[in-house]
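# Structure assessment
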Amino acid sequence: MEQVKVDLEKIVDEWLATDYLREDELFVIGCSTSEVAGKKIGTAGTEDIAAHIFRELNRLKQEVNIQLAFQCCEHLNRALVVEQNAAKTFGLDEVTVIPVPEAGGSMASFAYKHMEEPVVVESLGAKAHAGLDIGETMIAMHLKPVVVPLRFSKKYIGEARIGLARTRPKLIGGERAVYQDT
């Protein structure tokens, strides 16, 4: 568990050292706590691991003032737990379900229990600006186009491989287009 804490702290510190995150943007998290523990996804989830992940990501939220969206597992069709004000701000469709470790996953279940005013939304509608995928849970469907993969010094949280991404506006116009404001 100590290694998980160290890994998370390092990753959050690296996010904070970038200029990729801006106030009031959506940050999506997909997480298999089973994978973090070194087990097959969906087989050994634990809210103890989720608690450490939530704590560090909440630090990121507080320091940058972003909105977190925790992806549920496939049993809830990858719905997401967000704060009620984020659902309103981004026009997200709320659904009626409460994630539990067996249907939703330990991370989403923990987030639902510990957010201030949690709601579950069906989808982000590809509106997330950045994200962290812990254990290959497939968060790309929630990210805005165009997704840019990031390379941080940490490649794992515990035993789970991670993927990090941000988005950027589309480049349009072809070879004659100008993209830099000179």
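Residues numbered from 1 in each chain as written. Predicted model: local features only at pLDDT ≥ 70, side-chain atom pairs only at ≥ 80, totals over all residues. Heavy atoms only, no water.

To continue, consider the overall build of the protein chain. A tally of helices and strands in the protein chain yields five helices and nine strands. Its helices and strands taken in sequence order, the protein chain reads α-β-α-α-β-β-α-β-α-β-β-β-β-β from the N to the C terminus. For 182 residues, the compact-globule estimate of 2.2 N^0.38 gives 16 Å, and the C-alpha radius of gyration of the protein chain, at 16 Å, lies within 12% of that figure. Projected onto its principal axes, the C-alpha coordinates of the protein chain cover approximately 55 × 35 × 30 Å. Each of the 182 residues in the protein chain was classed as buried or not, and the buried ones make up 47%. Put simply, 69% of the contacts in the protein chain that link residues at least 6 apart link residues at least 24 apart. (Helix = DSSP H or I, 4+ residues; strand = E, 2+ residues; numbered from the N terminus. Rg over C-alpha atoms; globule rule 2.2 N^0.38 Å. Buried < 20%, exposed > 50% of the residue type's maximum accessible area, 1.4 Å probe, protein only. Contact = heavy atoms within 4.5 Å.)

A few words now on helix 3 (residues 47-64). With 18 residues, helix 3 should cover 26 Å at 1.5 Å per step; its first-to-last C-alpha distance of 25 Å lies within 8% of that length. All of the buried residues along helix 3 are Ile-49, Ala-50, Ala-51, His-52, Ile-53, Phe-54, Glu-56, Leu-57, Leu-60, Lys-61 and Val-64. For helix 3, the N-terminal cap is Thr-46; the gap from its side-chain oxygen to the backbone nitrogen of Asp-48 is 3.0 Å. Following helix 3 by one or two positions, Asn-65 adopts a phi angle in the positive range, close to 65 degrees. (Expected span 1.5 Å × (residues − 1). Polar contact = N/O pair within 3.5 Å; in protein donor to acceptor, adjacent residues only side chain to side chain.)

Roughly 410 Å³ of internal volume is contained in the largest pocket. Lining of the largest pocket is provided by 24 residues; of these, Ser-32, Ile-41, Gly-42, Cys-73 and Gly-105 occupy positions nearest its centre. Those elements that place two or more of their residues in the lining of the largest pocket are strand 1 (26-31), helix 2 (33-36) and helix 5 (106-114). The biggest single contributor to the lining of the largest pocket is helix 5, with three residues. Looking at the lining of the largest pocket, its residues break down into eight nonpolar, 13 polar and three charged. Approximately 240 Å³ is the volume found for the second largest pocket. Every residue lining the second largest pocket is listed: Asp-19, Tyr-20, Arg-22, Glu-25, His-129, Lys-144, Pro-145, Arg-166, Thr-167, Arg-168 and Pro-169. When grouped by side-chain class, the residues that make up the lining of the second largest pocket number three nonpolar, two polar and six charged. (1 Å grid on protein atoms, 1.4 Å probe; cavity = no way out; pocket = protein on both sides within 12 Å on 5 of 7 lines; lining within 4 Å. Points joined across faces, edges and corners; volume = space filled by probe spheres on them. Nonpolar A, V, L, I, M, F, W, Y, C, P; charged D, E, K, R; others polar.)

The alternating pattern of strand 5 (residues 118-121) places Pro-118 and Val-120 on one face and Val-119 and Val-121 on the opposite face, and all of these are buried. Here strand 3 (residues 80-83) pairs with strand 5 via four bridges, running antiparallel. Within the sheet, the bridge partner assigned to Glu-83 lies in strand 5 and is Pro-118. Inspection of the sheet shows strand 4 (residues 94-95) paired to strand 5 by two bridges, in the antiparallel sense. Each bridged residue has a counterpart across the sheet, and for Glu-94 the counterpart in strand 5 is Val-121. (Pairing = 2+ DSSP bridges.)

Following the sequence through the fold, Glu-56 ends up in helix 3. Assessed through its relative accessible area of 15%, Glu-56 is described here as buried. Here Glu-56 is in contact with Leu-8, Glu-9 and Val-12, once residues within four sequence places are set aside.

When glycine is set aside, most residues are seen to have a negative phi, and most peptide bonds are trans. With an omega of 5 degrees, the peptide bond running from Pro-145 to Val-146 counts as cis. If you trace the backbone, Val-146 turns up in the loop between strand 6 (130-134) and strand 7 (147-150). Look at Ala-126: it is not a glycine, yet its phi comes out positive at around 55 degrees. Positionally, Ala-126 belongs in the loop between strand 5 and strand 6. Assessed through its relative accessible area of 30%, Ala-126 is described here as partly exposed.

The analysis is restricted to geometry; functional conclusions fall outside its scope.
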